[in-house]
Amino acid sequence: MQILKLSLRDFFSKQGLSFTFLPFILAFVFLVFSLVFFYDDLYAYIYSFIANPELSFLAWLYSFSFMQVLNKIFAFLISLLLFNILALALALVILAFLTPAVLRLVNSRHYSYETKDGVSAFKAFFSLVFIFLKFALLFVLALFFIFVPFLGIFLLHLSFYYLFHKSLLLDLSSSMLSSQDFSNFNKSTPFIFYFSTLCFYLLSLLPILGLFLQVFFLIFLAHLLYQKVLALSPKE
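Here the structure is a predicted model, which means the values were calculated and not measured.

Participant: Go over the overall build of the protein with me, naming the residues and quoting the values.
Facilitator: Broken down by element type, the protein carries ten helices and zero strands. The secondary structure elements of the protein, listed N-terminal to C-terminal, are α-α-α-α-α-α-α-α-α-α. Classification of the 236 residues of the protein by burial places 44% in the buried group. Sequence-distant contacts in the protein: of pairs separated by 6 or more residues, those separated by 24 or more amount to 83%. As displayed, the protein offers around 13200 Å² of accessible surface, 74% of which is attributable to carbon and sulfur atoms.

And the structure:
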């Protein structure tokens, strides 16, 4: 509860809000632009796959009107999900450049911690490459099952949650932890970090709210790292 209160206070500070609006505006404009210019083509492309089954049983099943309605709803949800994920990816890229400034804000207001023996750029880059390789494998697996009800959507979300979780924590931990703390954290990440990023990922699926709260996610996770990994107490 203390971390939540501190995070909200930092987020709604003048500096916190100034960091928030840049990724929010850019990602929101990108989402609207994509929906206006590319949604119809993407929707038609996805619907063409699920509306023309080749097996006789599926052809009979798809002859019912309710299946046509379900197909359209399913294609709409997948299309919207893909556009939302693209917007979130853009927001995360922008946040990667804002992370040092956000960390300075949290550290200067509450901890005054100086990192010693920081993580090398090579080590952080290697970790990022490894994350993207694992994400690519999960994403390809999800594509094989994309038209299997529930399973395909679940696997798709699982792959993007993995990328969301790992990229956020890598960005923060490599900037604020020592090399040894960074290695220990990656080997044994406390459950509270998984729970927090899962909540943040679910919030991110809400198109407008998810985009607006990206900086808050960074601030909250920074407090969590300072207190749970570095065992620091915030200044009152």
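Read on, since the account is not over.
Participant: For helix H6 (residues 151–176), give the residues involved together with the corresponding values.
Facilitator: With 26 residues, H6 extends 37 Å from end C-alpha to end C-alpha; this agrees with the ideal 38 Å at 1.5 Å per step. Within H6, 19 of the 26 residues are buried, which leaves it mostly tucked inside the rest of the structure.

Participant: Give a detailed account of the packing of helix H5 (residues 121–144) against H6, specifying residues and quantitative values.
Facilitator: Where H5 meets H6, the axes come as close as 8 Å, and the angle between the chain directions of the two elements is 175°. In terms of axis orientation, H5 runs roughly antiparallel to H6. Packed against H5, whose contacting residues are Ala124, Ser127, Leu128, Ile131, Phe132, Lys134, Phe135, Leu138, Phe139, Leu141 and Ala142, the element H6 presents Gly152, Leu155, Leu156, Ser159, Phe160, Tyr162, Leu163, Lys166, Leu170 and Ser174 at the interface.

Participant: Go over the packing of aromatic side chains with me, naming the residues and quoting the values.
Facilitator: Under the definition given, this model contains 19 aromatic pairs. A centroid spacing of 4.3 Å and a plane angle of 15° characterise the contact between phenylalanine 200 and phenylalanine 217, whose relative ring orientation is stacked. On the criterion of sequence distance, the pair formed by phenylalanine 200 in helix H8 (residues 191–204) and phenylalanine 217 in helix H10 (residues 214–229) is long-range, its members being 17 residues apart. Neither phenylalanine 200 nor phenylalanine 217 differs from the other in exposure class; each is buried. Each residue in the set Phe11, Phe12, Phe21, Tyr161, Phe164, Phe200, Tyr201, Phe212, Phe216, Phe217 and Phe220 is aromatic and connected to the rest through ring pairs, giving one cluster.

Participant: Can you lay out the side chain of asparagine 107 for me, pointing to particular residues and giving the numbers?
Facilitator: Take asparagine 107: it is sitting in helix H4 (residues 65–110). Take asparagine 107: its relative accessible area is 15%, and that puts it in the buried class.

Participant: Tell me about H8, residues and numbers included.
Facilitator: Between its first and last C-alpha atoms H8 spans 20 Å; for 14 residues at 1.5 Å apiece the expected length is 20 Å, and the two agree. Among the residues of H8, those classed as buried are Phe193, Ser196, Thr197, Phe200, Tyr201 and Ser204. Down the axis of H8, the smallest arc covering the buried residues is 135°, so these residues share one side.

About the criteria used
- Residues numbered from 1 in each chain as written.
- Predicted model: local features only at pLDDT ≥ 70, side-chain atom pairs only at ≥ 80, totals over all residues.
- Heavy atoms only, no water.
- Helix = DSSP H or I, 4+ residues; strand = E, 2+ residues; numbered from the N terminus.
- Buried < 20%, exposed > 50% of the residue type's maximum accessible area, 1.4 Å probe, protein only.
- Contact = heavy atoms within 4.5 Å.
- Areas by Shrake-Rupley, 256 points an atom, 1.4 Å probe, with all protein chains shown as cover.
- Expected span 1.5 Å × (residues − 1).
- Axes fitted to C-alpha atoms, helices over the stretch in contact; angles between N-to-C directions.
- Parallel < 35°, antiparallel > 145°, perpendicular 65-115°, else oblique.
- Phe/Tyr/Trp six-rings, centres within 6.5 Å; stacked < 30°, edge-to-face > 60°.
- Arc of directions from axis to C-beta.

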